[in-house]
Amino acid sequence: MEAAGEGPPAVKNESGSTEELLTQRGRTMKSYGSSRRYVAVCAIVMILGLLVSAAAKPAGHARFERASIAVLADSNCILHPEGNQDANESIHVYADEDGVVRFLAVRPTLANSVERLTLDCTDANNRTKAYSVDLRSEATFKPRPFDASRTTLAVRPALTGDPRRFTQAELLSAGYGLRPDPTQNPDAYQRWLAAASVLVHKLRSDQTLVWYPISRQRYLNRIEDPPESVIKTPSNYWTGAVLYGSFQKKATSAKTISYGASSATLVVPTLKPGPPAVATIWNGLDNVFQAIVDVYTTPTIANFGIHHQTFDKHSGHTDTAGTRFTPQTGDHISIEEWYCDAKGDLNLNGGYECTNMVDVTQHVQWECDKATSSDCPSYKLNAGDLGNGKLGYQTEFIIEDDSKDAGAWPIFSPVTMHGSADVITGNGTKGFGRFVSMNYGSLSDPKINLLTDNIESSRHLRITLPTGAVKWAPTKCRPKDKWNAKSGSCVPKK
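All figures in this text were calculated on a predicted structure; none of them were measured in a lab. (Residues numbered from 1 in each chain as written. Predicted model: local features only at pLDDT ≥ 70, side-chain atom pairs only at ≥ 80, totals over all residues. Heavy atoms only, no water.)

### Digging into the overall build of the chain
Now for step 1: The number of helices and strands found in the chain is 4 helices and 30 strands.
Now for step 2: When burial is assessed residue by residue, the chain has 51% of its 494 residues classed as buried.
Now for step 3: If you take every contact in the chain between residues at least 6 apart in sequence, the share linking residues at least 24 apart comes to 69%.
Now for step 4: When the accessible surface of the chain is split by element, carbon and sulfur atoms take 53% of a total near 22,700 Å². (Helix = DSSP H or I, 4+ residues; strand = E, 2+ residues; numbered from the N terminus. Buried < 20%, exposed > 50% of the residue type's maximum accessible area, 1.4 Å probe, protein only. Contact = heavy atoms within 4.5 Å. Areas by Shrake-Rupley, 256 points an atom, 1.4 Å probe, with all protein chains shown as cover.)

This is how it looks when you write it as C-alpha cells:
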C-alpha cells in the first residue's frame, strides 16, 4: 500500500510538460541576461499563475472523486476532517471484504479547503487505529477497484445457454434469483438476465455494521382505491411510486390477489458536495421489507452502501443487515425481494422474506434467500404475519430522506428505477402469477400512488413515470416560482 500521507506530486506547468517548462525557463534567462532578474520575473509569473488557477476553480466547482485507503480487515471507521469531529462533517465507513475503505472526497483547491482527513477505525479484535488521509496526495485518489482475489468469497458462475432450460427452483438453488417471465415481461427478463450472465462473488452479511439509516415512517397506510389510475400524495420523507391496485382480498386465499415478489434496477447516481445529508434508494414489499442503496454526503466527503431491513410489527423492533461492500457511481444494481419458504422458493405463506442484490458492474452479489445460509439467511416472519390478505398488499419504489434534520436531500444526478412486481393468485405455490409494472402497456398496475416531495427545502425531487419506471429529477425552482407538493412541480407564485 502507498502511504496515504505522501506529499503532493511535483508541480508542472499546466500548459505543458516538465521538459517544456525547463526549455521555457532557459529562454527566459537568455532573454533577460540576469539570473536575479529571471528569478524575480518567474516569481511574479508563478504568483499570477496561482491566482489564475484559483480563479478557474471556484468553490462552486468542487467535485467528488473516488478515494480509498487500505486498513486492517473488518475495520469499522469514522471518517472526518482532521481536527474536526463534528457529526455533520463525518461519515461512517468500513473496510470492504478486500480490506480497503472506499469513499468520495473533494481535492483541496482553495486556501480554506480541507486538506487532510482522519480515519478512526476499530477492527474485529476491538483494536483502535487512526489513519491520516492526505487529500493533496495522488495516492489517496489512486484507483483501487474491488479485488476479490484478496477475499475468501464464494463464486457464482455466469449463467450460460438458454436460462429457460432450468426450472425456477433450480435457478434459485444456484443463486440466480427469481426469473421474470420472458413473454409477460420481456424488459424485466432482460434486466434479470444481465445480472445472471456475469460471474459474481457472493458477499456475506455483517451484523457489526449498525449505523444504517432506519426508515422514518414504519408503515405506509393502505389506501382505498380511488377512481384515478394514478394519484399524488405529498410526503415529508418518502418520494416515489407505490403500486397497490392489483391487491384484492377475497374471502379465501384461493381468490385473494397479492404482490408476491418485487424487483428493480437502477444506476448509482453522481453526487455533488453539499449540505450534510442522508438518503436511501430502495425497493420493497408492504413497507416492511426493503433492499436498499445508501447515500451519505457532506461538503467534503461522501459514500454509498447497501443494506436491507425488515420491520417486525409484532415485536416492535427493526431488523437490519449490512455487508462489506461499497457501490460506486455508475454501478448497475439489480434488486429482488419476495416472500419465500425456507428453501427460497416463492411462497406467500412460506414464512420467510428473501432478498437478492447484484452489483453487475463490480461483479458481486448479496444473496439472502436460504433459511440455513451462513452468509446471509432469509428473514423469518412472525407467525402472526401470515394469513389470508395480510401480506402482499403493495410494493414500493422509493427515495427516502433520512437526514438527521429532515429537509436536506443529497445533491445527486437524476435517478431512474425500472421496476415490476409478480402478482399471484392463491398462496404462491398452487396459484398462478403475472407481472405488472409502472405504465407498462397492458401490464400496467391499475393503481399507483405517486409520493411527491413535501420537505422544507430549496431543492426538491420532481417525480415522473417513464415507461416501466419511476424517475427522480433534482429540481430548484426559479425565483418567480415556488414548489407545489400537491402537483410535485414548480408553479408561479401568486
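### What about the pairing of strand β4 (residues 100-106)?
Now for step 1: Taking burial as the measure, the 7 residues of β4 include 7 buried ones, the bulk of the element.
Now for step 2: Neither face of β4 is left uncovered, since the one carrying Val100, Arg102, Leu104 and Val106 and the one carrying Val101, Phe103 and Ala105 both have all their residues buried.
Now for step 3: Bridge count between strand β1 (residues 64-70) and β4: 7 bridges; the pairing is antiparallel. Residue pairing for β4: Glu65 is matched across the bridge by Ala105. (Pairing = 2+ DSSP bridges.)

### Topic: the state of the cysteines
Now for step 1: Taken as a whole and judged by the stated rule, the model has 4 disulfides.
Now for step 2: Disulfide pairing is shown between Cys77 and Cys121; the S-S distance is 2.1 Å. Its S-S torsion of about 105° marks the bond between Cys77 and Cys121 as right-handed, since a negative value means left-handed. Within this pair, whereas Cys77 is found in strand β2 (residues 76-81), its partner Cys121 is found in strand β5 (residues 116-122), the two being separated by 44 residues in sequence. Per residue, the accessibility class of Cys77 equals that of Cys121, and both read buried.
Now for step 3: Paired through a disulfide, Cys340 and Cys354 show a sulfur-sulfur distance of 2.1 Å. Classification of the bridge connecting Cys340 and Cys354 rests on its S-S torsion, roughly 95°, and on that basis the disulfide is right-handed. With Cys340 in strand β18 (residues 332-340) and Cys354 in strand β19 (residues 352-359), this residue pair connects regions lying 14 residues apart in the sequence.
Now for step 4: For Cys354, a relative accessible area of 0% gives the class buried. (Disulfide = S-S within 2.5 Å.)

### Description of unusual backbone geometry
Now for step 1: The phi dihedral of Asn126 is positive, around 65°, even though this residue is not glycine.
Now for step 2: Along the chain, the position of Asn126 falls in the loop between β5 and β6 (128-134).
Now for step 3: According to the relative accessible area criterion, Asn126 is exposed, its value standing at 62%.
Now for step 4: With phi around 60°, Asp286 is a residue other than glycine that occupies positive phi space.
Now for step 5: Of note, Asp286 is situated in the loop between β14 (277-285) and β15 (289-297).

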